[in-house]
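A look at the structure
Below are the chains, spelled out letter by letter.
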Amino acid sequence: MGLLTKLKSSAFGSKKSPERRVNRNAAADDAEGDKTSAAAKNEDATEPSLRPLQIGSYDFDDGYSYPSLYEEADDMVKLSTLIYTLIELREVARSGKLDGHPKSLQILDLPLAMDNALSIIATEAELLKEILSDGTHEQALSALQALTGPQLDAGAIGSSDGVIGGLLDIWNCCPGTSPEPVDANVADSDYTVSTIIAVGDEKCNDELVYVVGINPTSKRITVAFRGSTTKTDFLTDAKIDMVSVPDPESFASSKTASSVDNSGINVCIHRGFYEYLFGSEKGQSKYEEIMVHIQKLFDANPKFRDEYKLYVTGHSLGGALATLFGFYASSSNILPQPVTVVSVASPRVGNLEFAALFTEYESQGKIRHLRIANHKDPVTLAPAMSSKRMLTLGSMMFSPLGYLALKLSGNEAGAEESYHHSGMKMKLRNEVQDGSQRCELSYSGAPFLSKASSSVNSDEDATGKKSSMLSLTTSDVPLVSYHYGRAYAERMALVKEELDGLTLNQLYKTKTGTE
């Protein structure tokens, strides 16, 4: 069975807990990366003060049939890979290069049955490969190779249909079947096959790109974000200064972010990611645009609110956007809880207060987050701190007068502008050494649940061993090749047996001591 076949079945496919108050100034971060020099550590002796957290019991079991941990991870890795190829093929179709292929031009039609989309991708794979092999499309080419390359499952090596075959299984629809065009505003509209509902790629070189789909078999509505491929994407990644933003509950209770009172919660987010998703200089933000698509599905199908769950995924930049989207969507009054985020190869998104609030939401059953990170993937180790924080530390070490000027002008940045990860981390290794496991599972929010204080800059792996960029051996040096979609697909295929019998819900209980 090929990878595309598996993707087909996995795609677009809360209880209120008693709360306990925990006042934590601990690190929520488990990523590998030394964030400060000796001078920075001295300056950071006083940790950012966090408000008391309302910690619940991590109860997500509400009657919904959640897949196994491996299935959730594998499905979303495939979907986050697929979006690169889907968007590239749609661009090729718009350019006129598919004019002689009338059936393939259906890739632009919406709604579009998932099996039809995958069949078109398989048909045009060679043309896409030729176009993407110009040295400027490494990420998209890697995604295409993962989709169409040899099957990665150990038990099916030699199959030639690759991820495309796997995707077809995931979507679990009948090949060759395409639904009639559906008006999401029609109350009796229904979906019997997995379907791509919306694609936000009209300005794919200038704006973030997303896909919204529905899987009636898994009862999932899925939002997938594309990772970095364009100049605008990379410029977005580079905007590492932080912006103070409204917390999700305050945001949800207000019509516009500009009128929100943060209520003393100092949530700071990567400026590039936040502006990409919530920027609305030209009207509706991308967040609002996507929510409109989702709300139409729920309005047209009232039963979805009781039967379906929202999943959000993406690779690289897409993983960061998925994390941010899920964080805010989890407090929306139009969506069933919990919202599930499966981020792949995501950089850090926000500060310590963001990580703390994210942990609080997880504990209260609002959101589940599985963060998949390859060992030695450099993108998952960054950013460590905001540009303002970097300037502050640089001035402290090399320009005392410059640092004094920053301090007097109010432009000094403290430890509150250090970045932290969130969610349940699944670290995937390519090789196993010294008795270590190929898949390491740890919870980024665990330090918030402990009464013992630890440094904001502490970094621990799943075994509790501190690690940093400075302590890495030569064999641990990060490599860009480990960031690409194909590397993630390959490593996921190797951990299926290791993850057998595990679920994300049970993992939350185990890692938080709430069993």
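Cut-offs used in this document
Residues numbered from 1 in each chain as written. Predicted model: local features only at pLDDT ≥ 70, side-chain atom pairs only at ≥ 80, totals over all residues. Heavy atoms only, no water. Helix = DSSP H or I, 4+ residues; strand = E, 2+ residues; numbered from the N terminus. Buried < 20%, exposed > 50% of the residue type's maximum accessible area, 1.4 Å probe, protein only. Areas by Shrake-Rupley, 256 points an atom, 1.4 Å probe, with all protein chains shown as cover. pLDDT = per-residue confidence, 0-100. Contact = heavy atoms within 4.5 Å. Pairing = 2+ DSSP bridges. Core = buried A, V, L, I, M, F, W, Y, C linked by side-chain atoms within 4.5 Å. Salt bridge = Lys/Arg side-chain N within 4 Å of Asp/Glu carboxyl O. Axes fitted to C-alpha atoms, helices over the stretch in contact; angles between N-to-C directions. Left-handed = near helix turned anticlockwise from the far one by under 90°. Nonpolar A, V, L, I, M, F, W, Y, C, P; charged D, E, K, R; others polar.

Bringing the overall build of the protein into the picture now. Helix and strand counts for the protein come out as 19 helices and 13 strands. For the protein, the residues scored as buried account for 58% of the 515 residues in total. Total accessible area computed for the protein in this model is approximately 20,400 Å², and 51% of it derives from carbon and sulfur atoms.

The next thing to look at is helix α19 (residues 504-512). Structurally, the α-helix is built with 3.6 residues per turn, so residues lying three or four positions apart point the same way. All buried positions along α19 are accounted for by L504, N505, L507, Y508, K509 and T512. The first or second residue beyond α19 is G513, which carries a positive phi of 70 degrees.

This part is about helix α10 (residues 271-278). For α10, a buried count of six out of eight residues is recorded, marking the element as mostly surrounded by other parts of the structure. Inspection of α10 places G272, F273, Y274, Y276, L277 and F278 among the buried residues, and these make up the whole buried set.

Attention now goes to the confidence of the model for the protein. Confidence along the protein averages 78 in pLDDT terms, with 69% of residues attaining 70 or more. Within the model, the stretch residues 13-19 combines pLDDT values under 50 with 28 contacts to residues more than four positions away or in other chains.

By the element assignment, I334 lies in the loop between α13 (317-329) and β10 (339-344). Residue classification places I334 among the buried residues on the basis of a relative accessible area of 14%. Sequence separation between I334 and Q295 is 39 residues, and the spatial gap between their C-alpha atoms is 6.9 Å. Those residues within four positions of I334 in sequence are excluded, and the remaining contacts are M291, Q295, F298 and R305.

As a further point, take the sheet that holds strand β11 (residues 367-374). Across a sheet, paired strands are connected by hydrogen bonds in the backbone, their directions being either parallel or antiparallel. Pairing in this open sheet of nine strands is mixed, and the strands run β3-β4-β5-β6-β9-β10-β11-β12-β13 from one edge to the other. Only two strands of the sheet have a single neighbouring strand rather than two, namely β3 (112-113) and β13 (439-443). Sheet topology places strand β12 (residues 424-428) next to β13; five bridges connect them, and they run antiparallel. By the bridge assignment for β13, K425 is matched with S442.

Let's shift gears to the pairing of strand β4 (residues 195-200). A large share of β4 lies buried, amounting to six of its six residues. Where β3 meets β4, two bridges bridge the pair, whose relative direction is antiparallel. By the bridge assignment for β4, L112 is matched with I196. Of the pairings in the sheet, the one linking β4 to strand β5 (residues 210-215) comprises five bridges and is antiparallel in character. Bridging across to β5, I196 finds its partner in G213.

One finds L69, I107, L370, I372, M426, M492 and L499 to be the most contacted residues of the largest nonpolar core, which totals 64 residues. Setting aside anything within four residues of it in sequence, one finds L370 in contact with L69, A73, V341, V342, S343, M424, M426 and L504. The next biggest cluster of nonpolar side chains, apart from the first, holds 50 residues, and it includes F225, V267, M291 and I334.

L110 connects to P111 through a cis peptide bond whose omega is -5 degrees. If you trace the backbone, P111 turns up in the loop between α3 (69-94) and β3. In this model, Q337 is joined to P338 through a cis peptide bond whose omega is 0 degrees. Relative to the elements of secondary structure, P338 occurs in the loop between α13 and β10. Its identity as a non-glycine residue notwithstanding, S316 has a phi of 65 degrees, on the positive side. In this structure, S316 sits in the loop between β9 (309-315) and α13.

Judged by how many residues are buried, β5 sits mostly within the fold: six of six residues are covered. When β5 meets strand β6 (residues 220-225), the two strands line up antiparallel, connected through six bridges. In the sheet register, G213 faces β6, and the bridge partner there is T222. As consecutive antiparallel partners, β5 and β6 are separated by four residues, and within that stretch K219 has a phi angle of approximately 55 degrees, a positive value.

Scanning the model with the defined rule gives 18 salt bridges in all. Close ionic contact of E249 with K366 constitutes a salt bridge, the shortest N to O distance being 2.1 Å. Here E249 is found in helix α9 (residues 248-252), whereas its partner K366 is found in the loop between α14 (352-363) and β11, with 117 residues between them in sequence. Classification of K366 as buried rests on a relative accessible area of 11%.

The next point concerns the packing of helix α11 (residues 286-300) against α13. Packing of α11 against α13 brings their axes to within 12 Å, and their N-to-C directions diverge by 65 degrees. Note on packing geometry: the crossing formed by α11 with α13 is right-handed. Two secondary-structure elements touch here, α11 through Y287, I290, M291 and I294 and α13 through F325, Y328 and A329. In terms of residue class, the contact of α11 with α13 is made up of seven nonpolar, no polar and no charged.

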